[in-house]
Amino acid sequence: MPQTKPQHKDREVENPTDNSAAVRALKPLHTTTGLSDGSRLQIGKTRLFHGGKLLLTNGISTVEGSSGGGIARWATIAGRQMPGGIGASSHATAIELPDYGWRSYGAAIGFGDRLEISYARAALDTRDAGTALGIGQGYTFHLDTFGAKLRLAGDVVYGETWVPQVAVGIEHKRSHDGALVRALGAADDHGTDITLSATKLLLAQSLLVNASLRYTEANQIGMLGFGSAAGDGHTLQFEGSLGYQLSRRAVIGAEYRSKPDNLGLGEDDWLDIFAAYALTENLTLSAAYVDLGSVATFFDQRGGFVSAQVAF
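These numbers were taken from a predicted model, which means no experiment stands behind them.

## Observations regarding the overall build of the protein
Alright, step 1. Counting its secondary structure elements, the protein contains three helices and 16 strands.
Alright, step 2. Within the span of the protein, comprising 312 residues, buried residues form 46% of the whole.
Alright, step 3. Here the contacts in the protein between residues at least 6 apart in sequence split such that 56% fall between residues at least 24 apart.
Alright, step 4. About 15400 Å² of surface is accessible on the protein, with carbon and sulfur atoms providing 61% of the total.

## Here we look at the pattern of salt bridges
Alright, step 1. One pass over the full model with this rule turns up 19 salt bridges.
Alright, step 2. One salt bridge connects E171 with K173, and the closest N-O pair in it is separated by 3.9 Å.
Alright, step 3. Assessed through its relative accessible area of 0%, K173 is described here as buried.
Alright, step 4. Between K259 and E267 there is a salt bridge whose closest N-O contact spans 2.7 Å.
Alright, step 5. Residue K259 is classed as buried on the basis of its relative accessible area, which comes to 9%.
Alright, step 6. Taken together, the salt bridges that share partners define one network made up of E64, R73, E171, K173, D193, R214, E239 and R257.

## Considerations on the pairing of strand β10 (residues 190–202)
A regular strand carries its side chains on alternate faces of the sheet.
Alright, step 1. Relative to β10, strand β9 (residues 165–175) runs antiparallel, the two sharing ten bridges. If you follow H172 over to β10, its bridge partner there is T192.
Alright, step 2. Pairing geometry for β10 and strand β11 (residues 207–216), over nine bridges, is antiparallel. Residue L201 lies in a different strand from β11, and its bridge partner there is L208.
Alright, step 3. If you look at the hairpin formed by β10 and β11, you'll find four residues sitting between the two strands, and S206 has a positive phi there, around 60 degrees.

## Observations regarding the nonpolar core
Alright, step 1. With 35 residues, the main nonpolar core has I95, Y100, W102, F141, M223 and V290 as its most contacted residues.
Alright, step 2. Put simply, the parts of the chain that give this core at least two residues each are β7 (115–125), β8 (140–153), α3 (178–183), β14 (270–278) and β15 (283–291).
Alright, step 3. For this core, the element with the highest residue contribution is β14, accounting for four residues.
Alright, step 4. Once you skip the residues sitting within four places of it in the chain, I95 turns out to touch V63, Y100, G101, W102, R103, V290, G304 and F305.
Alright, step 5. Core analysis: the next-biggest nonpolar cluster, separate from the first, contains six residues, A72, W74, V157 and L201 among them.

## Describing the environment of K149
Alright, step 1. By secondary structure assignment, the location of K149 is in strand β8.
Alright, step 2. We classify K149 as buried; its relative accessible area is 2%.
Alright, step 3. Looking at K149, its side chain comes within polar contact range of the main-chain oxygen of S67, at 3.0 Å.
Alright, step 4. A distance of 2.8 Å separates the side chain of K149 from the backbone oxygen of T76, its partner in a polar contact.

## Digging into the side chain of R257
Alright, step 1. Relative to the assigned elements, R257 resides in strand β13 (residues 250–257).
Alright, step 2. Polar side-chain contacts of R257 include one of 2.8 Å to the side chain of E64.
Alright, step 3. Residues in contact with R257, not counting those within four places in the same chain, are E64, I71, K173, R214, I221, F238, E239, D269 and W270.

## A closer look at the confidence of the model for the protein
Alright, step 1. Within the protein, residue pLDDT values average 87, and 84% of them lie at 70 or more.
Alright, step 2. Across residues 1–39 the pLDDT falls below 50, and counting only partners more than four positions away or on other chains, this stretch makes 21 contacts in the model.

## Quick word on the layout of surface pockets
Alright, step 1. One number sums up the size of the largest pocket: a volume of about 200 Å³.
Alright, step 2. Lining the largest pocket are 15 residues, and of these K53, T57, D113, D155 and Y158 lie nearest its centre.
Alright, step 3. Each residue belonging to the lining of the largest pocket can be placed in one class, and the counts come to seven nonpolar, four polar and four charged.

## Quick word on empty space enclosed by the protein
Alright, step 1. Per the stated rule, a full pass over the model turns up six cavities of 30 Å³ or more.
Alright, step 2. Taken as a whole, the largest cavity spans an internal volume of roughly 190 Å³.
Alright, step 3. Contributing to the lining of the largest cavity are 18 residues, with L56, W74, L208, V251 and F274 lying nearest its centre.
Alright, step 4. Put simply, the parts of the chain that give the lining of the largest cavity at least two residues each are β11, β12 (235–245) and β14.
Alright, step 5. Broken down by element, the residue count for the lining of the largest cavity peaks at three residues, all from β12.
Alright, step 6. Its residues placed into classes, the lining of the largest cavity shows eleven nonpolar, seven polar and no charged.
Alright, step 7. Lining the second largest cavity we find 14 residues, and of these L56, N58, R80, E281 and T284 sit closest to its centre.
Alright, step 8. Within the lining of the second largest cavity, the residues separate by chemical class into six nonpolar, six polar and two charged.

What counts and what doesn't
Residues numbered from 1 in each chain as written. Predicted model: local features only at pLDDT ≥ 70, side-chain atom pairs only at ≥ 80, totals over all residues. Heavy atoms only, no water. Helix = DSSP H or I, 4+ residues; strand = E, 2+ residues; numbered from the N terminus. Buried < 20%, exposed > 50% of the residue type's maximum accessible area, 1.4 Å probe, protein only. Contact = heavy atoms within 4.5 Å. Areas by Shrake-Rupley, 256 points an atom, 1.4 Å probe, with all protein chains shown as cover. Salt bridge = Lys/Arg side-chain N within 4 Å of Asp/Glu carboxyl O. Pairing = 2+ DSSP bridges. Core = buried A, V, L, I, M, F, W, Y, C linked by side-chain atoms within 4.5 Å. Polar contact = N/O pair within 3.5 Å; in protein donor to acceptor, adjacent residues only side chain to side chain. pLDDT = per-residue confidence, 0-100. 1 Å grid on protein atoms, 1.4 Å probe; cavity = no way out; pocket = protein on both sides within 12 Å on 5 of 7 lines; lining within 4 Å. Points joined across faces, edges and corners; volume = space filled by probe spheres on them. Nonpolar A, V, L, I, M, F, W, Y, C, P; charged D, E, K, R; others polar.

Below, the structure is given as structure tokens:
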């Protein structure tokens, strides 16, 4: 009998090891791996530290740790993440004045470009002024600031030109020098600021405009305690910023911040003239001329401000 030739279907020859338990275990799980989508860190559908914002539109870090300008809080959210992602930033700042030295450092996390959580530790070195104040040469005040900010509406860059990004926030501050600030006349060594900010980048004009209201009782932003034993408490203060974008990497501008004088020491409003430059997508350097006016009876405290911020 004639033999029937076996029929062979056109298909690839399977390697039995491809379906082995070891191979299956090593295959990436795109919805749960920490290194899915190439090398981008990801948990589920949330991308970690995958920046997409335009340069400088996440602001720089303020002396209190939140995103904004150097001395004024903005409605921006820390980090370079886009909606649906998580970003972060950290900073170090130094201010040199005729009679004082300021140092601060901190970090912030941005969730989905909607919520910001921040922390900063600040130190004010009194140097020779400490002797004149009767607290000892080089006495250093310390202040912790814990912040949160929630974007309510709008977008810094996109949307209608006349609709800014609006955010509400809080900053809870704690002095490490409770006995001393009370001796200076403060009512408390801790306090909470409430802020409302509106920020917009007008791309056609290369202008950034910010206005913030701050409900506060902080003395020298909290470094000298909060309120006064005489009963002075929270008041509404204003913070404003105006920036001009020279290029996508460089911006110059000015800021103003009003402040209460609860202790009767002649506490002045603050202002600065600043420049910021994004060396890379993640590293921004800032420098400014600052005028802090009178600080604890020492007048004309004008000097230099430098800050470095890393953001993802």
